[in-house]
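Letter by letter, the chains look like this.
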Amino acid sequence: MQNILFDLNEHIAIVTINREEALNAFNYDTLKELQDVVEQIRVNPNVRIVIFTGAGEKAFSVGADLKERKSLTNEEVKRNLFKINEVFNAIDQLPQPTIALINGYAFGGGMELALACDFRIVAEKTLLGLTETSLAIIPGAGGTQRLPRLIGQAKALELILTARRVPSEEALQFGLVNRVVPIEELLSSALDWANMILQNGPVGVQQAKFAIKQGMNTDLATGLQIERKAYEVTIPTEDRIEALQAFSEKRKPVFKGK
C-alpha cells in the first residue's frame, strides 16, 4: 500500500492517510486501501485502540480529491460515493475505540472521517468544516447524519449550510472535538488517552462502546436491553475473574482480552 500507512505498537494501531502532497485527499485507490486496512483491524485481536491521522502537519484530510473528481463520469462519482460511505461506516462500527488525530485541515470527507471516529483530538489553530455546499453538493459520507447527532440539529444546520470553516478552539466549545492541544503535543496526547483506555478490560471496553452506540439509535427500554446483553458478554471472561483477583491481591490486573 502507498496511500495508507499502518503501524501497530503495544495494542495501539496508527492509520495514516499518506498523500501529503494532495493534502491527504481521498481518491478511489486511497479509499480501497483504507477499507482493506480497516477490515484487517476489525479481526485483529492485538489491536485494542485505533488512531487515524494524516501525513504531515498541514492537513488531516481535505476530503475528496477534486483533481480526480474533475475527470470522473457521473457513474464513477457514484462509485466513489458508495465506497467512502462503506469505508466510513466500517470505521464507525469498529469494535475498538477510535481516535481522530487531526493534525491540520479537516474539510468535507476529512471531517466526515473524524466524525466516524469516537474521539477527536485537534491541533491548535486548525480549521474544520463540512464545506460541501460551497461546491454545490452536500456532505455524502455521513456528515448530515453524524454531525447533528453529535452537536445538535441547529448547530449542524448552521455549519453545513454556511460551509463555514471553524477554528479548532471554537469547535471545542460546542462539542465537535474533545481536546485541542499544541501540534507538538498532538501524538503524545492521543497516546496518553489511548493508554488510559488500555488499562481497562478490552472486552468490557468494546462491549461498553457497543452498548452506547447501539443504544443511541433506539428508545431507552430497548437501549437498556442492549446494555444488559452487552454486560452478559463480559461475565464468563477470564478478564473479569482477573479483575476480582487483582482487587483482592491489591495489584493491577493483567488483562488478556479473553
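These numbers come from a predicted model, not from an experiment.

Chemist: Just to check I follow, could you spell out the overall build of the protein chain for this structure?
Modeler: Helix and strand counts for the protein chain stand at 11 helices and 10 strands. On C-alpha atoms alone, the protein chain measures out to a radius of gyration of 19 Å, which is about the 18 Å that the 2.2 N^0.38 rule sets for 258 residues. Taken over the C-alpha atoms alone, the protein chain extends approximately 60 × 40 × 35 Å along its principal axes. Counting the 258 residues in the protein chain, one finds 47% classified as buried. By sequence separation, contacts in the protein chain at least 24 residues apart represent 67% of the contacts at least 6 residues apart. Of the roughly 13700 Å² of accessible surface on the protein chain, a fraction of 54% belongs to carbon and sulfur atoms. Within the protein chain, the 32 negative side-chain charges are centred at a point lying 3 Å from the centre of the 29 positive side-chain charges.

Chemist: Explain the sheet that holds strand 5 (residues 98-102) to me, please; I cannot follow it from the model alone.
Modeler: Consider a sheet: its strands pair through backbone hydrogen bonds, and that pairing is either parallel or antiparallel. An order of 1-2-3-5-7-10 is seen for the six strands of this open sheet, with the pairing classed as mixed. At either margin of the open sheet sits one strand with a lone partner, and together these are strand 1 (4-9) and strand 10 (179-181). Strand-to-strand twist in this sheet, taken as the mean axis angle between neighbours without regard to direction, amounts to 20 degrees. As judged from the six bridges shared by strand 2 (residues 12-17) and strand 3 (residues 49-54), these two strands associate in the parallel manner. Residue pairing across strands places Ile 12 opposite Ile 49, the latter belonging to strand 3. Relative to the sheet, helix 8 (residues 186-198) contacts strand 2, strand 3, strand 5, strand 7 (119-123) and strand 10, its axis offset from that of strand 7 by approximately 155 degrees.

Chemist: I keep staring at unusual backbone geometry and nothing clicks. Help me out?
Modeler: Note: most peptide bonds trans; most residues except glycine with negative phi. In this structure, Ala 163 takes a positive phi of about 60 degrees despite not being glycine. The exposure class of Ala 163 is buried, given its relative accessible area of 12%. Phi is positive for Lys 250, which is not a glycine, with a value near 55 degrees. Locating Lys 250 in the fold gives a position in the segment after helix 11 (238-248).

Chemist: Sorry, what's going on with the sheet that holds strand 6 (residues 105-107) here?
Modeler: Strand order in the open sheet formed by four strands is 4-6-8-9, with mixed pairing between adjacent strands. Because the sheet does not close on itself, it has two edges, and the strands there are strand 4 (59-61) and strand 9 (166-167).

Chemist: Help me understand the packing of aromatic side chains, please; the structure alone is not making it clear to me.
Modeler: In this description, an aromatic ring pair is defined by two values, namely the gap between the centres and the angle between the planes. All told, the structure shown has three aromatic pairs when counted by the stated rule. On the basis of an interplanar angle of 20 degrees and a centroid distance of 5.3 Å, the ring pair of Tyr 105 and Phe 107 is categorised as stacked. Judged by relative accessible area, Phe 107 falls into the buried class, the value being 6%. One residue, Lys 155, lies across the ring of Phe 174, its end atom 4.8 Å from the ring centre.

Chemist: Just checking my understanding: could you explain the pattern of salt bridges for this structure?
Modeler: When their charged atoms lie close together, side chains carrying opposite charge are able to pair. According to the stated counting rule, one finds 14 salt bridges in the structure shown. For Arg 146, the salt bridge is made with Asp 92, and the minimal N-O distance between the two is 3.2 Å. Pair noted here: Arg 146 is in helix 5 (residues 143-151) and Asp 92 is in helix 3 (residues 74-92), with a separation of 54 residues, a long-range link. With a relative accessible area of 17%, Asp 92 lands in the buried category.

Chemist: Teacher, can you tell me more about the pairing of strand 2 here?
Modeler: The two faces of a sheet get side chains in turn, since along a regular strand they alternate between them. Within strand 2, six of the six residues are buried, which leaves it mostly tucked inside the rest of the structure. Every second residue of strand 2 is oriented toward a common face, with Ile 12, Ile 14 and Thr 16 on one face and Ala 13, Val 15 and Ile 17 on the other, all of them buried. Between the antiparallel neighbours strand 1 and strand 2 lie two residues, among them Glu 10 with a positive phi of about 55 degrees.

Chemist: Explain helix 1 (residues 28-42) to me, please; I cannot follow it from the model alone.
Modeler: Spacing of three or four residues puts side chains on the same side of an α-helix, whose turn is 3.6 residues. In this model helix 1 runs 21 Å from its N-terminal to its C-terminal C-alpha over 15 residues, within 8% of the 21 Å that 1.5 Å per residue would give. The complete set of buried residues in helix 1 reads Tyr 28, Thr 30, Leu 31, Glu 33, Leu 34, Gln 35, Val 37, Val 38 and Ile 41. In this fold, the buried residues of helix 1 make contact with strand 1, strand 2, strand 3, helix 2 (66-70) and helix 3.

Chemist: It is not clear to me how a nonpolar patch on the surface should be interpreted in this structure. Could you clarify?
Modeler: Nonpolar side chains collect at one region of the surface, where Leu 66, Leu 135 and Ile 137 lie side by side and expose about 260 Å² of accessible area between them. With respect to the helices and strands, Ile 137 occurs in the loop between strand 8 (127-129) and helix 5.

Chemist: Where do I start with the environment of Glu 76 in this structure?
Modeler: Relative to the assigned elements, Glu 76 resides in helix 3. Taking relative accessible area as the criterion, Glu 76 reaches 28% and is therefore assigned partly exposed. C-alpha of Glu 76 to C-alpha of Tyr 28: the two residues are 48 residues apart in sequence and 9.4 Å apart in space.

About the criteria used
Residues numbered from 1 in each chain as written. Predicted model: local features only at pLDDT ≥ 70, side-chain atom pairs only at ≥ 80, totals over all residues. Heavy atoms only, no water. Helix = DSSP H or I, 4+ residues; strand = E, 2+ residues; numbered from the N terminus. Rg over C-alpha atoms; globule rule 2.2 N^0.38 Å. Buried < 20%, exposed > 50% of the residue type's maximum accessible area, 1.4 Å probe, protein only. Contact = heavy atoms within 4.5 Å. Areas by Shrake-Rupley, 256 points an atom, 1.4 Å probe, with all protein chains shown as cover. Lys, Arg positive; Asp, Glu negative; His and termini not counted. Charge placed at Lys NZ, Arg CZ, Asp CG, Glu CD. Pairing = 2+ DSSP bridges. Axes fitted to C-alpha atoms, helices over the stretch in contact; angles between N-to-C directions. Phe/Tyr/Trp six-rings, centres within 6.5 Å; stacked < 30°, edge-to-face > 60°. Lys NZ or Arg CZ within 6 Å of the ring centre and 35° of its normal. Salt bridge = Lys/Arg side-chain N within 4 Å of Asp/Glu carboxyl O. Expected span 1.5 Å × (residues − 1). Patch = residues over 30% accessible without salt bridge, like charges linked within 9 Å, V, L, I, M, F, W, Y side chains within 5 Å.

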